[in-house]
Structures are given as C-alpha cells and as structure tokens.
Amino acid sequence: MAHIVVTRPQGKGQELADLLVVQGHKVTQCPVLNIDYLASDEQELATLDEADIAVFVSQDAVIGLHQQRPSLPASVQCVAVGEATAEALDSYFKCRALVPERHDSEGMIALPELQQVEGKNVVLVKGRGGRTLLAKTLKQRGAFINPLVVYQRTAAQPSSDAWLQQWQQDQVDALVITSNSSVDAIFASQDPQLLQWLKSRHFYIVSARTGAHLEQQGVATDHISIAAGVTNQAIAACIDSEQEINMSEQPEKPEPESAPSNTSAATAKAPAPKVQSGRAPAKQGVSKVGLLALLIALGGGAGTGYLYWHQYQQQRSATEQENAALVQMQQQVQQLQGANQALAEQIKALRGTQQTQQQQTQQWQQDFNDDISRQLSANQRSMITHVEQSIAAAKDNTQPPLDMNELRRLVALADFKIWSESNYAGAATVLERADALLASYPGNAQLRRAIHSDLQTLASIELADVQATVLTLHGLGQQVDKLAFNMVDLAEETVAADKQELSENVSDWRTNLGRTWDKLVDDFIKVRKREATIEPLLDHEQQRLIKQRLHFNLDQAGFAATHQYVDLYKQSLQSSADLITRYFDLSQPQTSQFLSQLKQLRLQQLTPAQPINLATVSALKES
C-alpha cells in the first residue's frame, strides 16, 4: 500500500489519518499551515447586529468569531459552506445553518436564499485573502457586503526543503492537499531536484480550483485525483479507489526464457602411427606438405566455428529485442485497458452524479415552489384577493368598494414619517398616493380637501439643509486654530521727574544724603508705573484649552443638527459665539466673519416652528 502525507493543519487530519491506516496505508501527518486567529474591532463586530445574512466560509471562521463574541442575533440567517462548518455553528452558536449541495463558493451562490438579496446586509465571516467570487456576486445582486476577517493561514515554515528531503527519504508516494495555500507552502523551494521529485508524486485534492493551481506548478494531470467531496470519508474513498486501479494496472512479470546452449565442435582424432612388429620403429620425418594441409584443415574448422557462433549471437540478440518489445507492448496494452476501465467508471460515475443532480434540482424546484407558496404573507394574499375582485368587477362593469384599511394604513404611514423620521417629503408622497386612491371614488370630498390642505402645509415647510450645515460647521472648525486672541497692550510707563539732583548748598547735606540713598536703591530695584488698567494675559495652556472648547462646541452643534436636537444646537452655537466675543480679536476680519457665520447658522430652522398635525388623520376618524 502507499505511503501518504496528510498536510491538513494541526488537529484537523487525525480522522482522515485513522481512515487511511484502516485501509492499510502508511500515513504521516505534516501540518504545513498555521491558523492564526485575528482580533476585530467593535465597529466590525457591530455589523453582525444589523446583518440579515451571515456567511461562514470554514470551521476556522466559526471558531475565530466565537473567540470574540459568544452569540449571534436571533434574526440573522446563517449560511455554511459545508456540513462541518454547519456542525461548528450548531456547536458554538446553537445556530442552524443553510448548507449548499456543492461545498464551495459556486454552491453557496446557487442557494435560493441568496438569489434575492437586494438591499440586505450580508456579513462575510472569512479568512484573510481567499476567493472574491461570492462577495462580487452578492454585490452584483444588490446586497451590502461587510467582510469580517477573523483568521489567516500562514506557512508553518518559510521553505519546504526540510519537508521534501524528509519525504523523499521516507519514500512518500502521495500527498493530501485541501487548499491552494497548502500548495504554495509545499512548493516553496528553490531546489530543482526536490521540486522535480515532488511533481512526480500523486496529489489527492478536494476541488478543481486546487487542481488548476497544481498544474500551474508543473504537476501532470494524471498525478492529480479530485475527491467527490471535502469530507474525510470522500477523500479516503478517492484514495482507496485510486490505489485499487493502480494495483490492477501493474503488469505480470514474464517468465524468463531459457537461452539455447552452445554446441561444441567435434574434435578430430589423429590416426595413430603404425608399429611394425618384430622391429624397432624407424624414425620418419614430417612431410612439409602434410603439415601445411593440417594447418589449412585446422584454420578452416576454426573459421567455420566462428561464423556459426557469430550468427548465433546475432539471432539471440534479435530474439531478446523482440521479447523486450513484446513485453513493453503488453504493458502498454494493459495500461490502456486500465485507463479505459477507469475512464468508463468515471463516465458511469459522472452519469450517476448528473442524474442525481437532476433529481435534486427537480426536488429543489418543487421545495422552492412549496416554500414560496407557504411564505405568502397576509398582505400579499389580501392584494391577490383585491386584484381578483378588481378583475371580476371590471368584467361586470362594476367598481369594487373603497378599501378603508388601505387608506388608514397610508395615512398612518404619512403620520409616522412626520413624527418619527421628520421626513416631510416622504409624508407628502404617501398622502399623494392616498389622494390617488380616493380619486376613483366619489363622495370623499372632505377627505380629499384635508389631504390637499396637508400637502400645502408640508410644501410650505422650509428647513435648513442639515448636510450643508454640518459641512459648514466642519469648515469653521478648520479655521479655529487661525483665529487671533485679543491680547492686551501694556500702557506707556509714567516717567517721573528726576528729583535726585544734588544741591551744592552744604546745609542741604541731609537732603543730598537721602537722594544719594534713593539713587543707590533705584539701581537695584526698578519700579515701573503705568496709569492705565492692566488686565491679566492668557498663557499658552489657557489658549489651547479655549480653542479646544471651541472645537468641542462646533462638533456638538454638528451632532445636534444631524439628530435635530434644536436646543442643544442653538446652545452650542451661542457658547461658541460667547468664546469668540470674549477671548478673540474682533477687529480682525477673519474673526468677525467667523462670528457672523455662527450667528447665521444659529438662525437656521432645523425643525418646523410648530408641530405638524395632519388634518387628514382627524378627517379620517370622523368619516
């Protein structure tokens, strides 16, 4: 069986590892990513309180949000990318979430609940980075998207060389990768030999997007297998089926062929010399012609043997080459048969998946139609009934009776816009709709007169532009630091007559002694006398506090104008004018212009002088 590395983050790969061990594989867990949870500010978390829909893209998004707030508003509709994320929402927030059939962004986009989202606030609880398809699609459908980033994925090591060297030493066959970030962390190496070895491994992934990312890294398509889902069971099933296919495609080893044995050449026996009986053998000389014939015979036999051996070696080499080619061809045929079988199984699985999806689509359409039928509100049913009555009346040339409930609802809505929202233009629009409703029914002159009276009253209201007022106050706040304080100029010193001249009369020695003493004291202590009244001056800290108080009054006036707190608005402007008059130089043109703008702003009308009571409300009660 294969040696497989599971690269999921710490604590998320144990279940998959146990399933693979049961199947007989050797498993090594090596988390290549770290999950760092991020802290969000109060303003970002506050978007959940006004959200209509909260979308969670992973279990880490649920955990990261739960670390910052323990609960979700009861009115928010939760959407989870998969079953594991939905279980995490149920565990941490006790929230039942919608789960798409396809566990990715495309699956969530296809949810019926995310089709009509115009004007809705959608909070996307996610990690840093990632895909933008979901946010862009919902924004195109008219939703207000508020991303809430609660975690980020970072590589466990800056370089993957240590991992690759260890995996190569351990003879790893395949890797399980569940995200593009894991692919980037594993391929973070500058060693071409390690990268080439890594590309030759088999990769088990959970999405086609990750497969495309692997192909960009140079991994061949036949080294990539995509599981049918993101669950551990789906990944384990994909690995198990892939291993069975690989085992069935391994060719059987051919039986070794026995090589033909070499035939040895026959040896010729030389004739033995004849021995004459009764005599000693006589010495005979070797004939030169016989020796030459013997050498020629031996050379001819050796040449014939060499030719036979050379032809045999050529035949043997050709036979071995033909056998090797035949074995290679058999292996290729077996591989093609296995590939065809795998392709047939994939086509069969795709057809089954397509059929299942068609059935699910039909069931979803039926459920959606049933839900729409059940979710029709009472007002919608009443409207349908009203339209049906109108059609029937048109066929009978009779007019349906006036719907007094609709008229009361419109008048109440106009009154609400005046008192709660101070939206006088909106109230006038609603009253015009009520007048159009009454125009088709005679005998309602009193109500229509009351409506037109209220329309004239609303049209005569001239209120200040609050946005322009706030911008003007902001502009005045930028000029505060340029205003000059009213600093007091010191009066001229009073020069006393010099009465310290010494007399030449000896009898004036006492007077001369006193004048000498006064002059000596005046050299050490100088007393300056001024006749004008001197007011105390402001030091730098007092000047800073006065300008800070002026800034505060202007900001407070802007807040009061926005929320239509008339008394607070006028009081803040009056306090600002008092500070300008008391401490700043009014002779400067900039200061006088600043004070003039404050007075003009104070005279602006934020709300009507008298409360608006609709005459239509009283007339409707009397009718």
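Everything numeric here is computed off the predicted structure, so don't read it as measured data.

Conventions we followed
Residues numbered from 1 in each chain as written. Predicted model: local features only at pLDDT ≥ 70, side-chain atom pairs only at ≥ 80, totals over all residues. Heavy atoms only, no water. Helix = DSSP H or I, 4+ residues; strand = E, 2+ residues; numbered from the N terminus. Contact = heavy atoms within 4.5 Å. Areas by Shrake-Rupley, 256 points an atom, 1.4 Å probe, with all protein chains shown as cover. Salt bridge = Lys/Arg side-chain N within 4 Å of Asp/Glu carboxyl O. Buried < 20%, exposed > 50% of the residue type's maximum accessible area, 1.4 Å probe, protein only. Pairing = 2+ DSSP bridges. Axes fitted to C-alpha atoms, helices over the stretch in contact; angles between N-to-C directions. Phe/Tyr/Trp six-rings, centres within 6.5 Å; stacked < 30°, edge-to-face > 60°. Patch = residues over 30% accessible without salt bridge, like charges linked within 9 Å, V, L, I, M, F, W, Y side chains within 5 Å. Lys, Arg positive; Asp, Glu negative; His and termini not counted. Charge placed at Lys NZ, Arg CZ, Asp CG, Glu CD. Parallel < 35°, antiparallel > 145°, perpendicular 65-115°, else oblique. Left-handed = near helix turned anticlockwise from the far one by under 90°. Nonpolar A, V, L, I, M, F, W, Y, C, P; charged D, E, K, R; others polar. Arc of directions from axis to C-beta. Polar contact = N/O pair within 3.5 Å; in protein donor to acceptor, adjacent residues only side chain to side chain.

Help me understand the overall build of the protein, please; the structure alone is not making it clear to me.
Broken down by element type, the protein carries 22 helices and 10 strands. Considering only intrachain contacts with a sequence separation of at least 6, the fraction spanning at least 24 residues in the protein is 67%. Carbon and sulfur atoms provide 51% of the accessible area of the protein, an area that totals close to 41600 Å².

Honestly, the pattern of salt bridges in this entry has me stumped. Any pointers?
Once the charged atoms of two side chains with opposite charge are near each other, the side chains can pair. The final tally for this structure, using the stated rule, is seven salt bridges. Residue Arg 69 pairs with Asp 49 through a salt bridge whose shortest N-O separation is 3.2 Å. Of this pair, Arg 69 sits in the loop between α3 (59-66) and β5 (77-80) while Asp 49 sits in the loop between α2 (42-46) and β4 (53-56); the two residues are 20 residues apart in sequence, bridging distant segments of the chain. By relative accessible area, which is 49% here, Asp 49 ends up partly exposed. Its salt-bridge partner being Asp 104, residue Arg 102 comes within 2.6 Å of it at the nearest N-O pair.

Explanation requested: the sheet that holds strand β2 (residues 26-29) in the structure shown.
Within a sheet, each strand pairs with its neighbour through backbone hydrogen bonds, oriented either parallel or antiparallel. Ordered by their spatial adjacency, five strands build an open sheet running β2-β1-β8-β9-β10, and the pairing between neighbours is parallel. Taken across any chain shown, the strands that pair with only one partner, and hence form the sheet edges, are β2 and β10 (224-226). Ignoring which end each strand starts from, the neighbouring axes of this sheet average 20° apart. Where strand β1 (residues 3-6) meets β2, four bridges bridge the pair, whose relative direction is parallel. Residue Val 6 lies in a different strand from β2, and its bridge partner there is Gln 29.

Is there a simple way to think about the sheet that holds β4 in this case?
What the five strands build is an open sheet, ordered β3-β7-β6-β4-β5; its pairing is mixed. Whereas interior strands pair on both sides, the edge strands pair on one side only; in this sheet they are β3 (33-37) and β5. Strand-to-strand twist across the sheet, computed as the mean angle between neighbouring axes with direction ignored, equals 20°. Alignment of β3 against strand β7 (residues 144-155), held across five bridges, turns out to be antiparallel. Bridging from a neighbouring strand, Ile 35 pairs with Arg 153 of β7.

Hey, could you run me through the packing of aromatic side chains in this one?
Two measures describe an aromatic ring pair: the distance that separates the ring centres and the angle between the ring planes. A complete count under the given rule lists four aromatic pairs for this structure. Arranged with centres 6.4 Å apart and planes meeting at 15°, the rings of Trp 163 and Trp 167 form a pair that is stacked. Pair noted here: Trp 163 and Trp 167 are both in helix α7 (residues 161-169), with a separation of four residues, about one helical turn. Of the two residues, Trp 163 and Trp 167, neither departs from the other in class, the shared state being buried.

How do you make sense of a negative patch on the surface when you look at a structure like this?
A surface patch of negative charge is lined by Glu 83, Glu 87, Asp 90 and Glu 101. For Glu 83, the location among the structural elements is in helix α4 (residues 83-93).

Is there a simple way to explain the packing of helix α17 (residues 466-479) against helix α21 (residues 589-602) in this structure?
A pair of packed helices can be characterised by two numbers: the angle between their axes and the separation between those axes. Where α17 meets α21, the axes come as close as 11 Å, and the angle between the chain directions of the two elements is 155°. What the angle tells us is that α17 and α21 run roughly antiparallel. Once α17 is placed against α21, the crossing between them reads as left-handed. Seen from α17, the contacting residues are Thr 469, Thr 472, Leu 473, Leu 476 and Gln 479; seen from α21, they are Gln 590, Phe 594, Gln 597, Leu 598 and Leu 601. Among the residues forming the contact of α17 with α21, the class breakdown is five nonpolar, five polar and no charged.

Looking at this model, I keep getting lost on the packing of helix α14 (residues 404-419) against helix α15 (residues 424-439). Mind explaining?
Contact pair α14 / α15: the axes reach a minimum separation of 8 Å and the direction vectors enclose 165°. If you check the angle between α14 and α15, you find them roughly antiparallel. Viewed along their axes, α14 and α15 form a crossing whose handedness is left-handed. Of α15, the residues touching α14 (which contributes Glu 406, Leu 407, Arg 409, Leu 410, Leu 413, Ala 414, Lys 417 and Ile 418) are Tyr 424, Gly 426, Ala 427, Val 430, Leu 431, Arg 433, Ala 434, Leu 437 and Leu 438. Among the residues making up the contact of α14 with α15, the classes are represented as 12 nonpolar, one polar and four charged.

For this particular structure, what's the right way to read helix α9 (residues 192-199)?
Each turn of an α-helix holds 3.6 residues, which means side chains three or four residues apart point in the same direction. The complete set of buried residues in α9 reads Leu 194, Leu 195, Trp 197 and Leu 198. Projected onto a plane normal to the axis of α9, the buried residues spread over an arc of 160° and lie on a single side. Of the residues in α9, the exposed ones pointing more than 90 degrees away from the buried face are Pro 192, Gln 193 and Gln 196. Here the buried face of α9 lies against α7, β8 (174-176), α8 (180-186) and β9 (202-205). Backbone nitrogen of Gln 193 and a side-chain oxygen of the N-cap are separated by 3.1 Å at the start of α9; the cap is Asp 191.

Purely geometric stuff here, so don't read any function into it on its own.
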